[in-house]
Amino acid sequence: MHSPLDLLELYVFKGNLAYDGEGISQIEHAWQCGQLALQAGATPELQLASWLHDVGHLMTDLHGTPTLRGIDDQHENVGAQTLLALWGPAVAEPVRLHVHAKRYLVATHPGYVQTLSPDSVRSLALQGGPMGEQECAEFRANAFALAAQQLRSWDDNGKRVGWFAPDVQQAHSELQALMQRVSARLGSGLALL
Ligand SMILES: [Fe+2]
Ligand SMILES: [Fe+2]
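For the structure given in this document, a descriptive report is provided here. By convention here, each chain's residues receive numbers from 1 onward along its written sequence. Written order decides the labels, with chains lettered from A and ligands numbered from 1. Side-chain atom pairs in this predicted model are given and counted only at pLDDT of 80 or more, local residue features only at pLDDT of at least 70, and totals for whole chains, interfaces and linings cover all residues. Hydrogens and water molecules were not included; the side-chain quantities draw on all heavy atoms of the structure.

### So, the environment of His2
Point 1. Helix numbering and strand numbering both begin at the N terminus, where a helix is a DSSP run of H or I of at least 4 residues and a strand a DSSP run of E of at least 2. Position of His2 relative to the elements: it lies in the segment before helix H1 (4–14).
Point 2. Three labels apply to residues, based on accessible area from a 1.4 Å probe with only protein chains included: buried if under 20% of the type maximum, exposed if over 50%, partly exposed otherwise in between. Here His2 falls in the partly exposed class, since its relative accessible area comes to 31%.
Point 3. Taking the C-alpha atoms as reference points, His2 and Thr82, separated by 80 residues in sequence, lie 6.6 Å from one another.

The structure is reproduced here in structure tokens:
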């Protein structure tokens, strides 16, 4: 069982890992997605989901770019499982669905696939490829389908080289403050450093 502090420490100790060879680090990608969610007026829960949507990559301990070795690390499920226990479905479900959202958008929006990064295209095949009609209908019926698509758009746009907090400690502080805010809203009273 991970605590919020455990997740924060993952970013402190592993946040400098490359994000799938995109020219940015995991903490830069997380911060950028959080910023895009904030700018879009997302709820604190969806902002936190945006920050933490790829935390599963840091939890699985697979080095380098797993998709190049034909491995799907299932990071969306790994991350969502922990987030569900900590902050419930408003944080966990958009995370669990952010890969589904890509498969949905590829199936329903011609041209979307051309906007994806090389690693996102490579992982698409490993993750099941574009959704079929039945899968699309099931996805649309999910209460968090819209939130997942919003998160997906911030994910796709949160890969800019050179856009980051003034220093990495500030990024960690922002993440910690958001964790505390969401915990307080949920009344979970989780203690953080
Ligand atoms: Fe992801
Ligand atoms: Fe991502």
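### What about the packing of helix H7 (residues 98–108) against helix H9 (residues 133–141)?
Point 1. Only C-alpha atoms enter the line fits that serve as axes; for helices the fit covers just the stretch in contact. Angles between N-to-C directions range over 0 to 180 degrees. At a closest axis distance of 10 Å, the pairing of H7 and H9 adopts a crossing angle of 125°. One element, H7, and the other, H9, form an angle in the oblique class. Of the two elements, H7 crosses H9, and the hand of that crossing is left-handed. For the pair formed by H7 and H9, the contact residues are His100, Ala101, Arg103, Tyr104, Ala107 and Thr108 on the first element and Glu135, Cys136, Phe139 and Arg140 on the second.
Point 2. For the contact of H7 with H9, a count of residues per class yields 5 nonpolar, 2 polar and 3 charged. Here is the rule for angles: anything less than 35 degrees is roughly parallel, anything more than 145 is roughly antiparallel, 65 through 115 is roughly perpendicular, and the remaining ranges are oblique. Left-handed describes a crossing whose near helix is turned anticlockwise from the far helix by less than a right angle; the clockwise case is right-handed. Here, residues are in contact when the closest pair of their heavy atoms is within 4.5 Å. Charged residues are taken to be Asp, Glu, Lys and Arg, nonpolar residues to be Ala, Val, Leu, Ile, Met, Phe, Trp, Tyr, Cys and Pro, and polar residues to be all remaining types, Gly included.

### Focus: unusual backbone geometry
Point 1. One non-glycine residue, Gln74, adopts positive backbone phi at about 55°.
Point 2. By the element assignment, Gln74 lies in the loop between helix H4 (55–60) and helix H5 (75–87).
Point 3. What makes Gln74 partly exposed here is its relative accessible area of 37%.

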